[in-house]
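# Fold and geometry: a report
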Amino acid sequence: MLNWKNLDTLASYEELKKVEPVNVAEVMSGENGAERVKNYSIPMMDGLTYNYAAKAVDEKVLAALAKLAEEAQLIEKYESLYNGAVINTGEKRLVLHQLTRGQLGNDVVADGVNKRDFYVSQQERIADFANKVHAGEITNAAGEKFTTVVQIGIGGSDLGPRAMYLALENWAKVNNKFKMEAKFISNVDPDDAAAVLNSIDVAHSIFILVSKSGTTLETLTNESFVKDALAKAGLDASKHMIAVTSETSPLAKSDDYLAAFFMDDYIGGRYSSSSAVGGAVLSLAFGPDVFAEFLAGAAEVDKTATNKDLLKNPEMLDALIGVYERNVLGYPSTAVLPYSQALSRFPAHLQQLDMESNGKSVNRFGEPVDYVTGPVIFGEPGTNGQHSFYQLLHQGTDIVPLQFIGFKNNQIGTDVVIQDSTSQQKLCANVAAQIVAFACGKADENRNKNFEGGRPSSIIIGEQLTPKTLGALLAHFENKVMFQGFVWNVNSFDQEGVQLGKVLAKRVLAHETDGALKVYSDLLNI
Ligand SMILES: O=P(O)(O)OC[C@H]1O[C@](O)(CO)[C@@H](O)[C@@H]1O
């Protein structure tokens, strides 16, 4: 039997609060610090390691976190999730994104269908379609090959796939895997669609309309925008457009598309990168074998996350350290700082993943909670962030826990030695320097130049960003967010908080406004 209890009712949480806090500056200095960096490290998979030496934890904190993991039944809850329990209580749905990349537990049968078979069959259909596009068997009406793919979608139907595409674009080019360029249209701002359309050759472009619900205003508007452009170019839209949606959506049975591929209600938008939502664009851009590698990396991490031993489970440990920082140490935000240009949109994806999942004030039964839940997430690739907001991170009044990501090798392989070091070495030197600067600080008599230190961070270190390590990274954060939701006893899989704005926007467009809404509408000339 699972106990779904609020965090503040758990005895282990009370114990955790009593543990002597760790002074990061102290423990990270000198030989002690060197030993920590060597020891506080867990392999996530071959070529990827989670290092938490610079976090505010020691043996005592870790022991208390292990007790919390046990009392909150984190592994048991994960087991029940992948075995097909109705974990999304708000929408009364199963939560099956892990099943798109592997079978962790029992067969899951829902709506009379074996769900693993369903997801695999969609992957196979997408692979077949992508191979035919690449081979020139599926072409435009003139019999010419498609050269560009454009994804139309928003939120989870955009951010994850876009971040994944950008993460692999250069890798694919140098590894002879690049099949076609991908572009993305998401914002209802007409300049988004117009700029993308201006930058492509529409006659040789294939568009993927991605909407699980098939009802999202921005996406349907952008679809019409694109269809209009195709019509103006004298092209038949139905020969240029495919759909990714759920079988129950209004788009599913339409003749407007060359083909339709399906996900379902058991895959949340922000967890859908490994479903057909990411599968279609990534398979078209890089080939189905690259997408399969990406899934394999995610599957490995999903498996690692089943380990009951906290110190062998980086996803659960990362989650619990985050809860400790949020609820015991009182830190309100977390920065994600990938030292990799390819991960430029990864923080944007994590913003949705984390904040839409755990930005909740009620527990999974709809009752208010008396403790803080999900932190504010933000980030930028290093070293760009260093020349932007790091000032506040180093010397501001808030302590912001940091999550670094770094790779020993770059993707393209072109580099140059300037002043005895390559650019890659400079990049890596910066991340090492930042971790120690944040942790240890530097005393200075001039208060303006003083660094307090004591600013905690972790780092995920990889050999190289590849399809496999990217899949692993994605799954790491998905599982982290899931475990945190379990600890906070919130439903991480619905998003009612996005509804009110949508309803009010509709009223504005229907001119059914009064009060402040009317005045704002007038000011904005609607
Ligand atoms: O794929 P859909 O149904 O168009 O939804 C897009 C996005 O809209 C949201 O529901 C929020 O508005 C996200 O959770 C989702 O990723």
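Residues numbered from 1 in each chain as written. Predicted model: local features only at pLDDT ≥ 70, side-chain atom pairs only at ≥ 80, totals over all residues. Heavy atoms only, no water.

A few words now on the overall build of the protein. Check the secondary structure of the protein and you find 18 helices and 15 strands. Expected size for 526 residues packed as a compact globule is a radius of gyration near 24 Å; at 24 Å, the protein falls within 12% of this value. Judged by the C-alpha coordinates and their principal axes, the protein covers about 70 × 60 × 55 Å. Burial analysis of the protein (526 residues in total) assigns 54% to the buried set. Surface exposure of the protein reaches about 22,200 Å², of which carbon and sulfur atoms provide 51%. The average position of the 47 basic charges and that of the 64 acidic charges among the side chains of the protein differ by 1 Å. (Helix = DSSP H or I, 4+ residues; strand = E, 2+ residues; numbered from the N terminus. Rg over C-alpha atoms; globule rule 2.2 N^0.38 Å. Buried < 20%, exposed > 50% of the residue type's maximum accessible area, 1.4 Å probe, protein only. Areas by Shrake-Rupley, 256 points an atom, 1.4 Å probe, with all protein chains shown as cover. Lys, Arg positive; Asp, Glu negative; His and termini not counted. Charge placed at Lys NZ, Arg CZ, Asp CG, Glu CD.)

This brings us to the site of the ligand. In the region of the ligand, 14 residues are neighbours, and G156, S157, S211, S213 and T216 sit closest. Contacts to the ligand include S213, whose side-chain N or O atom sits 2.6 Å from an oxygen atom. In this structure, an oxygen atom belonging to the ligand sits 2.8 Å away from a side-chain N or O atom of E356. Against a free-state accessible area of 400 Å², the protein chains account for coverage of 87% of the ligand. When atoms are counted within 2 Å of each cavity's grid points, the one that captures over half of the ligand is the largest pocket. (Near = heavy atom within 4 Å. Polar contact = N/O pair within 3.5 Å; in protein donor to acceptor, adjacent residues only side chain to side chain. 1 Å grid on protein atoms, 1.4 Å probe; cavity = no way out; pocket = protein on both sides within 12 Å on 5 of 7 lines; lining within 4 Å. Sits in = over half its atoms within 2 Å of the grid points.)

It is worth spelling out the confidence of the model for the protein at this point. Overall, the predicted model of the protein reaches an average pLDDT of 97, with 100% of residues at or above 70. This complex was scored by the predictor with a pTM of 0.98 and an ipTM of 0.98. (pLDDT = per-residue confidence, 0-100.)

Let us look at the sheet that holds strand 8 (residues 241-246). The five strands lie next to each other as 6-5-7-8-9, forming an open sheet whose pairing is parallel. The outermost strands of the open sheet, each flanked by one partner alone, are strand 6 (181-185) and strand 9 (259-263). Here the strands of the sheet are splayed against their neighbours by 20° on average, with no regard to which way each runs. Note that strand 5 (residues 148-152) and strand 7 (residues 205-210) share five bridges and pair parallel. The residue of strand 7 that forms the bridge with I152 is L209. Across the sheet, helix 6 (residues 115-135) lies against strand 7, strand 8 and strand 9, angled at about 150° from strand 9, the strand it touches most. (Pairing = 2+ DSSP bridges. Axes fitted to C-alpha atoms, helices over the stretch in contact; angles between N-to-C directions. Contact = heavy atoms within 4.5 Å.)

This brings us to the UniProt feature "active site" (unreviewed entry) in the protein. UniProt annotation of "active site" (unreviewed entry) refers to E356, H387 and K502 when read in the numbering used here. For this annotated set, covering 147 residues, the C-alpha atoms extend up to 36.2 Å from each other, a dispersed arrangement in space. Lining of the largest pocket among the annotated residues: E356 and K502. Tracing the chain through its elements places E356 in helix 13 (residues 346-358). A distance of 2.8 Å separates the side chain of E356 from the side chain of R270, its partner in a polar contact. With respect to the helices and strands, K502 occurs in helix 17 (residues 499-509). (UniProt positions renumbered as here; feature names shortened; annotations may be inferred.)

Next up on the list: helix 11 (residues 288-304). A rise of 1.5 Å per residue sets the reference length of helix 11, with its 17 residues, at 24 Å; its end C-alpha atoms lie 25 Å apart and thus fit the reference within 8%. Of all the positions in helix 11, only P288, V290, F291, F294, L295, G297, A298, V301, D302 and T304 are classed as buried. (Expected span 1.5 Å × (residues − 1).)

Below, the discussion takes up empty space enclosed by the protein. Summed over the entire model, instances satisfying the criterion amount to four cavities of 30 Å³ or more. Put simply, the largest cavity is a space of about 120 Å³. Along its surface, the largest cavity is lined by 17 residues, and G322, E325, T334, K480 and Q484 are the ones closest to its centre. Elements supplying a minimum of two residues to the lining of the largest cavity: helix 12 (314-328), strand 10 (333-339) and helix 16 (467-488). Among the elements that take part in the lining of the largest cavity, helix 12 stands out by supplying five residues, more than any other. Of the residues assigned to the lining of the largest cavity, the class counts are six nonpolar, five polar and six charged. Here the second largest cavity is characterised by a volume of approximately 70 Å³. For the lining of the second largest cavity, the secondary-structure elements that each account for two or more residues are strand 10, helix 13 and helix 16. Grouping the constituent residues of the lining of the second largest cavity by class yields six nonpolar, two polar and two charged. (Points joined across faces, edges and corners; volume = space filled by probe spheres on them. Nonpolar A, V, L, I, M, F, W, Y, C, P; charged D, E, K, R; others polar.)

Here we come to the packing of helix 8 (residues 190-199) against helix 9 (residues 217-232). Contact pair helix 8 / helix 9: the axes reach a minimum separation of 10 Å and the direction vectors enclose 35°. In this structure, the crossing between helix 8 and helix 9 has a hand that is right-handed. Packed against helix 8, whose contacting residues are P190, A193, A194 and L197, the element helix 9 presents N222, F225, V226 and A229 at the interface. A class-by-class count of the residues in the contact of helix 8 with helix 9 yields seven nonpolar, one polar and no charged. (Left-handed = near helix turned anticlockwise from the far one by under 90°.)

So, about the packing of aromatic side chains. By the definition in use, this model includes 19 aromatic pairs. Centre to centre, the rings of Y165 and F184 are 5.9 Å apart; their planes meet at 55°, and the pair counts as tilted. In this pair, Y165 sits in helix 7 (residues 159-174) while F184 sits in strand 6, placing the two residues 19 residues apart along the sequence. Across the pair, F184 and Y165 agree in class, each one buried. A centroid spacing of 5.1 Å and a plane angle of 45° characterise the contact between Y271 and F493, whose relative ring orientation is tilted. Taken together, the residues span a long stretch of sequence, with Y271 in the loop between strand 9 and helix 10 (276-286) and F493 in the loop between helix 16 and helix 17 at a distance of 222 residues. The same class applies to Y271 as to F493, namely buried. An aromatic cluster of at least three residues, connected via ring pairs, comprises Y339, F378, F389, Y390, F404 and F438. (Phe/Tyr/Trp six-rings, centres within 6.5 Å; stacked < 30°, edge-to-face > 60°.)

Looking now at the pairing of strand 9. Extensive coverage of strand 9 is indicated by the burial of five of its five residues. Going residue by residue along strand 9, you find A259, F261 and M263 tucked away on one face and A260 and F262 tucked away on the opposite face as well. Here strand 8 pairs with strand 9 via five bridges, running parallel. Paired with S246 across the two strands is M263, which belongs to strand 9.

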